[in-house]
Amino acid sequence: MTAITRTVRVGSSHGLHARPAKLFAQAAKESGIPVTIAKDSGKAVNAASILAVVALGIDFGDHVVLSADGENAEAVLDTLVEVLTTDHDEAA
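The rules behind these values
- Residues numbered from 1 in each chain as written.
- Predicted model: local features only at pLDDT ≥ 70, side-chain atom pairs only at ≥ 80, totals over all residues.
- Heavy atoms only, no water.
- Salt bridge = Lys/Arg side-chain N within 4 Å of Asp/Glu carboxyl O.
- Helix = DSSP H or I, 4+ residues; strand = E, 2+ residues; numbered from the N terminus.
- Buried < 20%, exposed > 50% of the residue type's maximum accessible area, 1.4 Å probe, protein only.
- Contact = heavy atoms within 4.5 Å.
- Pairing = 2+ DSSP bridges.

**Notes on the pattern of salt bridges**
Consideration 1: For the coordinates displayed, the defined rule picks out three salt bridges.
Consideration 2: Between Arg6 and Glu74 there is a salt bridge, with its nearest N and O atoms 2.5 Å apart. Placement of Arg6 in strand β1 (residues 4–9) and of Glu74 in helix α3 (residues 73–85) is noted, with a sequence separation of 68 residues between them.
Consideration 3: On the basis of relative accessibility, which here comes to 42%, the residue Glu74 falls in the partly exposed class.
Consideration 4: Two residues, Asp62 and Lys39, come together in a salt bridge whose shortest N-O distance is 3.4 Å. Taken together, the residues span a long stretch of sequence, with Asp62 in the loop between α2 (50–55) and β4 (63–68) and Lys39 in strand β2 (residues 35–39) at a distance of 23 residues.
Consideration 5: Salt bridges here are not isolated pairs; linked through shared partners, they connect Arg6, Glu74 and Asp78.

In C-alpha cells form, the structure reads like this:
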C-alpha cells in the first residue's frame with residue numbers, strides 16, 4: 001500500500017500550539033496507523049507526537065503536508081484535516 005498525502009491550510013487562529021496540537025496528535029495516535037506531518041516542504045515528523053508537532057512552529061494559515069499509510073488511510077486523513085482546518089481558538 002502506498003502512503004496517501006494531503007496538503008492542508010491550518011485554520012486555528014493561533015496555529016498549532018498546545019491545545020490544537022494535542023487534539024491533532026491524539027487523533028493521529030488513535031488512528032492506529034503511521035501518520036506524519038510536515039510544514040511546507042520541511043522534514044516530516046510523527047503526527048502522534050505532541051512535542052514533535054509543536055516543535056514545527058505551525059502558525060495560522062501555514063500549509064502542512066499530512067501523510068498516512070495503512071488501512072483506512074483516507075478516513076484517517078479526513079479526520080485529521082478536519083482537526084487542522086477547525087479554529088480551536090475561536091471559543092477561547
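**Let's talk about the side chain of His88**
Consideration 1: Inspection of the secondary structure assignment puts His88 in the segment after α3.
Consideration 2: In this structure His88 comes out as buried when scored by relative accessible area, which is 17%.
Consideration 3: Not counting the four nearest positions on each side in its chain, His88 is found in contact with Ser12, Arg19, Pro20, Leu23 and Val83.

**Digging into the pairing of β4**
In summary, the side chains of a regular strand alternate between the two faces of the sheet.
Consideration 1: The pairing of β1 with β4 spans six bridges and is classified as antiparallel. By the bridge assignment for β4, Arg9 is matched with His63.
Consideration 2: One ladder, built from five bridges, connects β2 with β4; its direction is antiparallel. Bridging across to β4, Thr36 finds its partner in Ser67.

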